[in-house]
Amino acid sequence: MSTLPRRGFFKRSGILLGFAWAPGGLLTVFDARACGEEGDVDLNAWVHVSNSENTITAKCPSAEMGQGLYTAIPLWIAEELDADWRTMRVEQAASEKAFLNPALMNTQGAGGARSAQGYWRIARLMGAQARAILIANAAREWQVPVTECATEPNNVVHAASGRKISYMQVAKLDNVVLDARPVTDKDLKPAAKWRLIGRDVQRLDVGLKAAGRAKYGMDVQIPGMLYASVLHPPTASCPYPLSDDGAAQGPLAVDDAAALKIEGVTRVIALPHAVAVVGTDYWATVKGRQALRVTWRQDPAATRYDSEGVKREWAALAADTTASGRAVGGSGSFEDALKSAAQTLTATYVTDHAHHACMEPFNATASMMHDDIELWSPTQGQTAAQQAVAKVTGLADNKVRVHTTFLGGGFGAKTEQLANAEAAMLSQLMDKAVKVMWSRDDDVQHGAYRPLSAQFLQAAISGDGRITGWRHRVVADSVQARVGKGAWAREGIDSAVATGMTQPYAIANRQHEYLHRAGGVPVGYWNAVGSGHT
């Protein structure tokens, strides 16, 4: 038991539960009240010092999907903590308010290239705060002023007396006091004093992945858990649980007689948007799903959707400048520039839907215990996952705890919350842990694709060859209308789709317009969306 990580804890009804990876990839659940090691201390929500293991562990609040945050964030913390990089470890943070990202609408998640941007300052401050706590406790132990103490990698030093104490030894002191003077930006190291930032270090996830020890969502296993395979409608469907239950395309009638005869199938459950087959092993649920006979509600928009026809229609609309759209930035008067132009250039571009095709399809594992629920998911959006699970189960947000695994690809796809909601609903109904696994076919047919777009560009050019006017019109469906109707209603513009329209060049007269048109398939974030097509 002592070999199990002590930080995967969660209190439930007076019991402190621990979660740890056991050999073979099995996720074990245990009573962790007696598992604390002497000399192990959480200096704050981000930093844990272990005397028993001679390590310092930093929390990574953002999903690791290849972009390197699993190493970058601990590196920033280690820099300000003045830690020895050789003793640094990293753990994925669970969903907690301490890890909200101010650059991502104050949510915990990864997207829009805002993880590094949002956590850069916070992580460094947390490292600096942890360092201040260690110095304060060492000074108290030595009975010297804090101002006389300094640090060198993994040690607090008192130069006047020649004393030195390691961070791990400080953690072992009796009654470690976690209060220290508040740290501010003035306490952060200037770039000239950085030892780690900007240096070439080994990524912390490489060894795990090279040895096959990295745990992805598909690797999660809980003793006694059930599996679920979900049959979705025949037309493209990926409802966003926070704004749509998907019932418009959901099941009308279900004939499950043949499915229930298959060995290993436990139950067939009609959800608002789909039909789930639950069983003791995944392949049994797949065969059960294949045996279902379902009558579905018909969504006319999805049934009639023809992407080739839409491209032609939207290209004509983009080029029709009498059809006004919503202004996105802009300056001066493009019409005046057009009238006085010696030459004009126009072009129309059309971009198709794009699918993420992540190596790891959607999956999630949920475990309902009493009035709390745990979710393990390769998600890009911990806060959104927490909110989605809370909504479909009727629980309060603080009764939902999200554990983020490694992601086998993200690209915006893993901001989707349907698989998470499915696992939560099924665990609640079955009163057991349930693992939902989408097949590759499910992932391709029912993913939320990058919006198809048509774009019309027009440039006014003066006699001396200068661009004096610029018009850019984008016709596309909206991601934010689907996943964030509140923001869409307030702004009236899909900032993700329109990204890239407002180019930075010094053109005096610019006109940018976004024309929203609803398509017939679900659209979602795709590697920043607008940056991929403008």
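Predicted, not measured: the structure shown is a model, and the values here were computed from it.

Here is what the cut-offs are and how they apply
Residues numbered from 1 in each chain as written. Predicted model: local features only at pLDDT ≥ 70, side-chain atom pairs only at ≥ 80, totals over all residues. Heavy atoms only, no water. Phe/Tyr/Trp six-rings, centres within 6.5 Å; stacked < 30°, edge-to-face > 60°. Helix = DSSP H or I, 4+ residues; strand = E, 2+ residues; numbered from the N terminus. Buried < 20%, exposed > 50% of the residue type's maximum accessible area, 1.4 Å probe, protein only. Pairing = 2+ DSSP bridges. Axes fitted to C-alpha atoms, helices over the stretch in contact; angles between N-to-C directions. Contact = heavy atoms within 4.5 Å. Disulfide = S-S within 2.5 Å. Parallel < 35°, antiparallel > 145°, perpendicular 65-115°, else oblique. Left-handed = near helix turned anticlockwise from the far one by under 90°. Nonpolar A, V, L, I, M, F, W, Y, C, P; charged D, E, K, R; others polar. Expected span 1.5 Å × (residues − 1). Salt bridge = Lys/Arg side-chain N within 4 Å of Asp/Glu carboxyl O. Core = buried A, V, L, I, M, F, W, Y, C linked by side-chain atoms within 4.5 Å.

Asks: Explain the packing of aromatic side chains to me, please; I cannot follow it from the model alone.
Replies: Aromatic rings in a pair are described by how distant their centres are and how their planes are angled relative to each other. With the rule as written, the count across this model stands at seven aromatic pairs. Taking 6.0 Å as the distance between ring centres and 65° as the angle between the ring planes, the aromatic pair formed by tryptophan 46 and tyrosine 119 counts as edge-to-face. Of this pair, tryptophan 46 sits in the loop between strand E4 (40-42) and strand E5 (47-50) while tyrosine 119 sits in helix H2 (residues 115-142), placing them 73 residues apart in sequence. No difference in accessibility class separates tryptophan 46 from tyrosine 119, as the two residues are buried. Geometrically, the ring pair formed by tryptophan 76 and tryptophan 120 is edge-to-face, given 5.2 Å between the ring centres and 85° between the ring planes. Remark: tryptophan 120 occurs in helix H2 and tryptophan 76 occurs in helix H1 (residues 69-81); sequence separation between them is 44 residues. Pairwise contacts between aromatic rings join Trp46, Phe99 and Tyr119 into one cluster.

Asks: Honestly, the sheet that holds strand E18 (residues 363-369) in this entry has me stumped. Any pointers?
Replies: Hydrogen bonds along the backbone pair up the strands of a sheet, which may run parallel or antiparallel. The strand order across the open sheet built from seven strands is E13-E14-E11-E21-E18-E19-E20, with neighbouring strands paired in mixed fashion. At either margin of the open sheet sits one strand with a lone partner, and together these are strand E13 (265-270) and strand E20 (400-404). On average, each strand axis in the sheet is tilted by 20° relative to the strand beside it, whichever way the strands run. Its contacts with the sheet put helix H6 (residues 282-290) on strand E11 (226-231), E13, strand E14 (275-279) and strand E21 (434-437), and the angle it makes with E11 is roughly 25°. Along the sheet face, helix H11 (residues 418-430) touches E11, E13, E14, E18, strand E19 (372-377) and E21 and points at about 35° away from the line of E18.

Asks: Would you mind going over the side chain of threonine 383 with me for this structure?
Replies: Mapped onto the elements of the fold, threonine 383 is located in helix H10 (residues 382-393). Excluding residues that lie within four positions of it along the chain, threonine 383 makes contacts with Leu100, Thr107 and Gln108.

Asks: Quick question: what am I supposed to make of the state of the cysteines here?
Replies: Covalent bonding between the sulfur atoms of two cysteines is what defines a disulfide. Taken as a whole and assessed by the stated rule, the structure comprises zero disulfides. Cysteine cysteine 238 shares no disulfide, and the gap to the nearest cysteine sulfur, in cysteine 358, comes to 12 Å.

Asks: For this particular structure, what's the right way to read the packing of H10 against H11?
Replies: Helices that pack against each other are described as a pair by the angle of their axes relative to one another and the distance between those axes. One can describe the packing of H10 onto H11 by two numbers: an axis separation of 9 Å at closest approach and a directional angle of 40°. With respect to their mutual orientation, H10 and H11 come out oblique. Considering how the two elements wind past one another, H10 and H11 form a crossing that is right-handed. Each of Ala385, Val389, Val392 and Thr393 in H10 lies in contact with H11, whose residues at this interface are Asn420, Ala421, Ala424, Met425 and Gln428. The residue makeup of the contact of H10 with H11, split by class, is six nonpolar, three polar and no charged.

Asks: Quick question: what am I supposed to make of H10 here?
Replies: The α-helix advances 3.6 residues per turn, and as a result positions three or four apart in sequence lie on the same side. With twelve residues, H10 should cover 16 Å at 1.5 Å per step; its first-to-last C-alpha distance of 16 Å lies within 8% of that length. Buried residues dominate H10, accounting for nine of its twelve residues. Burial in H10 covers these residues: Gln382, Thr383, Ala384, Ala385, Gln386, Ala388, Val389, Ala390 and Thr393. In this fold, the buried residues of H10 make contact with strand E7 (88-92), E19, E20 and H11. Where H10 ends, the next residue or the one after it, glycine 394, has phi of about 80°, a positive value.

Asks: Teacher, can you tell me more about the sheet that holds strand E22 (residues 453-461) here?
Replies: Taken in spatial order, the five strands of this open sheet run E16-E24-E23-E22-E17, and their pairing is mixed. Both outer strands of the open sheet, strand E16 (326-327) and strand E17 (343-351), are each paired with one neighbouring strand and no more. Pairing analysis gives two bridges linking E16 to strand E24 (residues 509-516), with the strands arranged antiparallel. Directly across from arginine 326, in E24, lies its bridge partner tyrosine 514.

Asks: It is not clear to me how the environment of leucine 196 should be interpreted in this structure. Could you clarify?
Replies: Position of leucine 196 relative to the elements: it lies in the loop between helix H3 (167-172) and helix H4 (206-210). Under the relative-accessibility criterion, leucine 196 is labelled buried at 7%. It is 9.5 Å that separates the C-alpha atoms of leucine 196 and aspartate 84, two residues lying 112 residues apart in sequence. Not counting chain neighbours up to four residues away, the residues in contact with leucine 196 comprise Leu75, Ala78, Glu79, Ala83 and Trp85.

Asks: Is there a simple way to think about the pattern of salt bridges in this case?
Replies: Two side chains bearing opposite charge may form a pair once their charged atoms approach each other closely. This model, assessed by the stated rule, comprises 22 salt bridges. Taking the shortest distance from any N to any O, the salt bridge between aspartate 82 and lysine 189 comes out at 3.9 Å. Of this pair, aspartate 82 sits in the loop between H1 and E7 while lysine 189 sits in the loop between H3 and H4, and the two are 107 residues apart along the sequence. For the pair formed by aspartate 82 and lysine 189, the shared burial category is buried. Three or more residues are tied together by salt bridges with common partners; here these are Glu64, Arg203, Asp205 and Lys209.

Asks: What exactly am I supposed to notice about the nonpolar core here?
Replies: Soluble, globular proteins show a tendency: their nonpolar side chains are buried together. Leu43, Trp46, Val47, Ile56, Ile73, Leu81 and Val156 are the most contacted members of the largest nonpolar core, which has 45 residues in total. Sorting the residues of this core by element identifies E5, strand E6 (55-60), H1, E7, H2 and H3 as the ones contributing at least two each. Considering each element in turn, this core owes the most residues, ten residues, to H2. In this structure, valine 156 is in contact with Leu134, Ile135, Ala138, Trp142, Cys149, Ala150, Thr151, Arg163, Lys164, Ile165 and Tyr167, ignoring residues within four places of it in sequence. Grouped together as the second largest cluster of nonpolar side chains are 33 residues, Val230, Cys358, Met368 and Leu395 included.

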